[in-house]
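Topology and contacts: notes
Chain by chain, the residues run as shown.
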Amino acid sequence: MEPEAAKLIGAGLAAIALAGAGVGIGHIFGNYLSGALRNPAAAASQFPNLLLGFALAEATGLFGLVVALIILFVF
Amino acid sequence: MASESHSAEGGGMALDPMHQFEVHPILKINLGGIDASFTNASLWMVICVISVALLLLAGSSKLVPGRLQSVGELAYEFIANMMRDILGDSGRAFFPLIFTLFMFILAANMWGMVNIPVLLHPFTVTSHIIVTFAMAMFVFILATIVGFVKHGAGYLKLFVPSGVPAILLPLLVVIETISYFTRPISLSVRLFANMMAGHTMLKVFAGFVVGMGLLGGFVPLAIMVALTGLEILVAFLQAYVFAVLTCIYLNDAINMHH
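This one's a predicted model, so the numbers in the text were calculated from it and none came from an experiment.

As for the overall build of chain A
Regarding its fold elements, chain A presents four helices and zero strands. In sequence order, chain A lays out its α and β elements as α-α-α-α. The principal-axis extents of the C-alpha atoms in chain A amount to approximately 60 × 15 × 5 Å. The proportion of buried residues among the 75 residues of chain A is 12%. Of all intrachain contacts in chain A linking residues separated by at least 6 positions in sequence, the fraction that spans at least 24 positions is 92%.

Put into structure tokens, the structure is as follows:
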């Protein structure tokens, strides 16, 4: 296989990590919503935690993106 | 600055989504072989610091606050409340540090979203890993020093979780140690990757708007508007997350929850 082709395939594979971030973000917002509908009084106080969880989950997926970019532009 | 960047590109139109991250010197300075040029990154850092200082200092003397003063007071209270929740009263001394970090990152992220064609080329300082890594490493070293000063050698107990079966302990110590030392990496890469990925995505969609012509271009344009809103949210969130995690690391060092 040509190195250039292998590079592109590897970068594409690394981007699959974003699927996990998608699952995680959906999980966080879904659980927040179900919790908020059960106990709306406590929902507002947990909003910062929701945002924190969202940011942490999103960042994990972006690590995969960074790997893809490293493969594409560094090697 | 604008004409310089375009000529450097060789007339290839700004469709390359990575072009926005290029650092080029404005004022060339050479300190004994070390390249200490004043670059566009330095210029934007100066702009960030000045804008934060103006926001917090301008008209901050009235009893009934004006709009600008309200923003400054809101930001102050926001961080003060967040610190009180996480650190308690023990971390009061670190308020200036965390407030500065938060405001600087927020200003850098928000200035990155501002684009005035020709006049003001947008540049996101925090989309460069060396900037975020420097800040994260500072926080990491500070937390470690604070931990050792406060607890002496007892700070090493942080790596030994309590209430764990003896068989699992060696494994957990290794995991805890690794997770401690990857903190600066995850802290810096989180901010850098979010900023860089967001801005690359915006540029890619902007390329679609140009590429799809007058009629088809409106679809990616609508998506761009939504993405810009999302990016502004992310810009704020990442500054907040950086501040929160700094607080959590300092809390580990001061109060030692393990």
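Re the packing of helix 5 (residues 129-151) of chain B against helix 9 (residues 218-255) of chain B
Residues and elements named next belong to chain B. Viewed as axis vectors pointing N to C, helix 5 and helix 9 meet at an angle of 20°, and their least axial separation amounts to 8 Å. Taken as axis vectors, helix 5 and helix 9 run roughly parallel relative to one another. Crossing handedness for the pair helix 5 and helix 9: right-handed. Listed contacts from helix 9 to V139, A143, V146, G147 and K150 of helix 5 are T246, Y249, L250, D252, A253 and I254.

Description of the interface of chain B and chain A
In this assembly, ten residues from chain B lie in contact with nine residues from chain A. For the side of chain B that touches chain A, the secondary structure elements donating two or more residues are helix 7 (183-211) and helix 9 of chain B. Here the residues of the side of chain B that touches chain A are counted per class, giving seven nonpolar, two polar and one charged.

Section: the environment of R84 of chain B
Take R84 of chain B: it is sitting in helix 3 (residues 67-87). The partly exposed category is assigned to R84 of chain B, around which 13 C-beta atoms lie within 10 Å.

As for the nonpolar core
Ranked by internal contacts, the top residues of the largest apolar core, which has 51 residues, are F102, I105, F242 and A243 of chain B. Of all the secondary structure elements, the ones that give two or more residues to this core are helix 4 (47-73) of chain A together with helix 2 (40-57), helix 3, helix 4 (95-113), helix 5, helix 7 and helix 9 of chain B. Broken down by element, the residue count for this core peaks at 13 residues, all from helix 9 of chain B. Once you skip the residues sitting within four places of it in the chain, A243 of chain B turns out to touch I79, M82, I98, L101 and F102 of chain B.

Remarks on helix 7 of chain B
Helix length check: helix 7 of chain B (29 residues) gives 41 Å between terminal C-alpha atoms against 42 Å at 1.5 Å per residue, within 8%. Positive phi shows up at G213 of chain B, right after helix 7 of chain B, with a value of about 85°.

Re helix 3 of chain B
Residue and element names in this part refer to chain B. For helix 3, which comprises 21 residues, the first-to-last C-alpha distance of 30 Å matches the rise-based estimate of 30 Å (1.5 Å per residue) to within 8%. Burial in helix 3 covers these residues: I79, M83 and L87. Angular distribution of buried residues about the axis of helix 3 spans 40°; they occupy a single face of the element. Away from its buried face by more than 90 degrees, helix 3 exposes R67, S70, L74, E77, N81 and D85. The inward-facing, buried residues of helix 3 contact helix 4 and helix 9. Backbone geometry just downstream of helix 3 places G88 in the positive-phi region, at approximately 70°.

Parameters at a glance
- Residues numbered from 1 in each chain as written.
- Chains lettered and ligands numbered in written order.
- Predicted model: local features only at pLDDT ≥ 70, side-chain atom pairs only at ≥ 80, totals over all residues.
- Helix = DSSP H or I, 4+ residues; strand = E, 2+ residues; numbered from the N terminus.
- Buried ≥ 20, exposed ≤ 12 C-beta atoms within 10 Å, placed from the backbone.
- Contact = placed C-beta atoms within 7 Å.
- Axes fitted to C-alpha atoms, helices over the stretch in contact; angles between N-to-C directions.
- Parallel < 35°, antiparallel > 145°, perpendicular 65-115°, else oblique.
- Left-handed = near helix turned anticlockwise from the far one by under 90°.
- Nonpolar A, V, L, I, M, F, W, Y, C, P; charged D, E, K, R; others polar.
- Core = buried A, V, L, I, M, F, W, Y, C linked by C-beta atoms within 7 Å.
- Expected span 1.5 Å × (residues − 1).
- Arc of directions from axis to C-beta.

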